[in-house]
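One-letter residues, chain by chain:
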Amino acid sequence: MKPKILMARAVFPDVIARLQQDFEVESNQEDRIFSAAELAEKLRDKDGVIATASERISAELLQASPRLKAVCNQAVGYNNIDVAAATKAGVMVTNTPDVLNETTADFGWALLMATARRVTEAEHWLRAGHWKQWRYDSFLGADVHGATLGVIGMGRIGQAIARRSTGFDMQVVYHNRSRLAPEQEARANNARYVSKEELLATADHVILVLPYSKESHHTIGPAELALMKPGATLVNLARGGIVDDLALIAALRDKKIAAAGLDVFENEPALHPDFLELSNVVLTPHIASASEPTRRAMANCAADNLLAALLPTAERKWPPNLLNPEVLGRVTLS
Ligand code: GLV
């Protein structure tokens, strides 16, 4: 009998076809987000699940899913999963790192450029029919070339963002839980390791690429925004909750910083309505990894992890992106 799995959200049909070769797949191509109760009901008889950030895999859900052996997130971030509870329950947890680094870094730059040069604000104004004549001071923005880029969270995506800044003759400062090796710093446009406070006070453009956790909750709040330069911009492509959105709204409204570019929000997709009233913020719907090849690679990476988790072979002994290796040896595959 094939193991039973749930594909919790819609995905490329060929990925489902691939999974169906080895699994009995319950899919959700209508893409309705399941309530916690529905998810519990669906996982009751499942051996594995491919989840996204919209599925909260809590300790209660894990407890109510006795057959579950693997939760494979189709995202690099995995703050939707209680990994400690999964480990305790003997459930493997995986994510999709690396395959999205370059695409997400590209998008970080798209947001940075759009924010600094007021691209979406100018477009809205044009579409509204306001463009009657050229003016010397229309939509004056901040320069990106020659500026100082501050990267908070210098993991693989942060480094890919920093690498791109060489083409703009920028200086890079970064803050991270730990300092990079000298050769990594060199590759990241000679990035200089500084405290969060120094970064905020010196960077012209700050970009957030750190994972969400209890410790990184509100990494940027009123005190941090107050340290930033008045002409600075802030980009968040990490997770909602890393920025205190209310504090950011106040800072943008009072022009304490020039502008922000946001791909993620607290309580998304129900972002705070005041963002919509502000012209100095670029808003996108959590699409940083959304290129066709990358989203396909993420889906296949999650599938690879699930195959290795539930149907290990000599070549494929464990999931390539296992987040809780402590669990190995405690999982009994039926
Ligand atoms: C997207 O937000 C991801 O974590 O992959």
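Our subject is the structure listed above.
Remember, it's a predicted structure, so these values are computed and weren't measured experimentally.

## Some remarks on the site of the ligand
By nearness alone, every residue bordering the ligand is listed as Ala75, Val76, Gly77, Leu100, Arg239, His286 and Met298. One nitrogen or oxygen atom from the main chain of Val76 is found 2.8 Å from an oxygen atom belonging to the ligand.

## Regarding the nonpolar core
By size, the foremost hydrophobic cluster in this structure holds 31 residues, and its most contacted members are Trp109, Leu149, Val151, Met154, Ile161, Val172 and Ile207. For this core, the elements supplying multiple residues, two or more each, are α5 (101-116), β6 (148-152), α7 (156-164) and β7 (171-175). Non-local contacts of Ile207, meaning those with residues more than four positions away in its chain, are made with Gly108, Leu149, Gly150, Val151, Ile152, Ile161, Val235 and Leu237.

## Some points on the packing of aromatic side chains
Applying the stated criterion across every chain yields a total of four aromatic pairs. Arranged with centres 4.8 Å apart and planes meeting at 15 degrees, the rings of Trp109 and Phe168 form a pair that is stacked. Taken together, the residues span a long stretch of sequence, with Trp109 in helix α5 and Phe168 in the loop between α7 and β7 at a distance of 59 residues. For Phe168, a relative accessible area of 26% puts it in the partly exposed group. Directly above the aromatic system of Phe12 lies the positively charged group of Arg296, at a separation of 4.2 Å from the ring centroid.

## Re the pairing of strand β9 (residues 205-208)
Both faces of β9 are covered, namely the face carrying His205 and Ile207 and the face carrying Val206 and Leu208. With four bridges connecting them, β6 and β9 associate as parallel partners. The partner of Ile152 across the bridge, within β9, is Leu208. Sheet topology places β9 next to strand β10 (residues 233-236); four bridges connect them, and they run parallel. Paired with Ile207 across the two strands is Val235, which belongs to β10. On the question of chirality, the crossover connecting β9 to the parallel β10 by way of helix α10 (residues 222-227) is right-handed.

## As for the packing of helix α1 (residues 13-20) against helix α13 (residues 292-310)
In the contact formed by α1 and α13, the axes pass within 10 Å of each other and the chain directions differ by 10 degrees. Looking at the two axes, α1 sits roughly parallel to α13. Helix-helix and strand crossings are classified by hand; for α1 and α13 the assignment is right-handed. Between α1 and α13, the contacting residues are Asp14, Val15, Arg18 and Leu19 on the first element and Arg296, Ala299, Asn300, Ala303, Asp304 and Leu307 on the second. For the contact of α1 with α13, the residue count by class is five nonpolar, one polar and four charged.

## So, the pattern of salt bridges
Per the stated rule, a full pass over the model turns up 25 salt bridges. One salt bridge in this structure joins Asp47 and Arg67, with 2.8 Å as the shortest N-O distance. Residue Asp47 is found in the loop between α2 (36-43) and β3 (48-51), and its partner Arg67 is found in the loop between α3 (59-63) and β4 (70-73); the two are separated by 20 residues along the sequence. Looking at Asp47, the relative accessible area reads 3%, which means it is buried. Arg67 gets classed as partly exposed once you look at its relative accessible area, which sits at 35%. The salt bridge involving Glu198 is made with Arg192; its shortest N-O contact spans 3.3 Å.

## Observations regarding empty space enclosed by the protein
Enumeration according to the criterion identifies one cavity of 30 Å³ or more in this entry. Its volume calculated, the largest cavity comes out at about 40 Å³. Lining the largest cavity, in full, are Ala114, Thr115, Arg118, Thr120, Glu121, Ala259, Ala260, Ser279, Asn280, Val281 and Val282. Taken together, the elements giving at least two residues each to the lining of the largest cavity come down to α5, α6 (119-127), β11 (259-262) and β12 (281-283). Class assignment of the residues belonging to the lining of the largest cavity gives a composition of five nonpolar, four polar and two charged.

## Re unusual backbone geometry
Put simply, Glu268 and Pro269 share a cis peptide bond, and its omega is 5 degrees. Although it is not a glycine, Asn189 sits at a positive phi angle of roughly 55 degrees. Although it is not a glycine, His218 adopts a positive phi angle of roughly 50 degrees. Assignment of secondary structure puts His218 in the loop between β9 and α10.

## Some remarks on the sheet that holds β11
Ordered in space as β8-β7-β6-β9-β10-β11-β12, the seven strands form an open sheet in which the pairing is parallel. Each edge of the open sheet is held by one strand with a lone partner, namely β8 (192-193) and β12. Set on the sheet, helix α11 (residues 245-253) makes contact with β10, β11 and β12; between it and β11 the angle comes to about 140 degrees.

The rules behind these values
Residues numbered from 1 in each chain as written. Predicted model: local features only at pLDDT ≥ 70, side-chain atom pairs only at ≥ 80, totals over all residues. Heavy atoms only, no water. Near = heavy atom within 4 Å. Polar contact = N/O pair within 3.5 Å; in protein donor to acceptor, adjacent residues only side chain to side chain. Core = buried A, V, L, I, M, F, W, Y, C linked by side-chain atoms within 4.5 Å. Buried < 20%, exposed > 50% of the residue type's maximum accessible area, 1.4 Å probe, protein only. Helix = DSSP H or I, 4+ residues; strand = E, 2+ residues; numbered from the N terminus. Contact = heavy atoms within 4.5 Å. Phe/Tyr/Trp six-rings, centres within 6.5 Å; stacked < 30°, edge-to-face > 60°. Lys NZ or Arg CZ within 6 Å of the ring centre and 35° of its normal. Pairing = 2+ DSSP bridges. Right-handed = clockwise from strand over helix to strand, strands pointing away. Axes fitted to C-alpha atoms, helices over the stretch in contact; angles between N-to-C directions. Parallel < 35°, antiparallel > 145°, perpendicular 65-115°, else oblique. Left-handed = near helix turned anticlockwise from the far one by under 90°. Nonpolar A, V, L, I, M, F, W, Y, C, P; charged D, E, K, R; others polar. Salt bridge = Lys/Arg side-chain N within 4 Å of Asp/Glu carboxyl O. 1 Å grid on protein atoms, 1.4 Å probe; cavity = no way out; pocket = protein on both sides within 12 Å on 5 of 7 lines; lining within 4 Å. Points joined across faces, edges and corners; volume = space filled by probe spheres on them.

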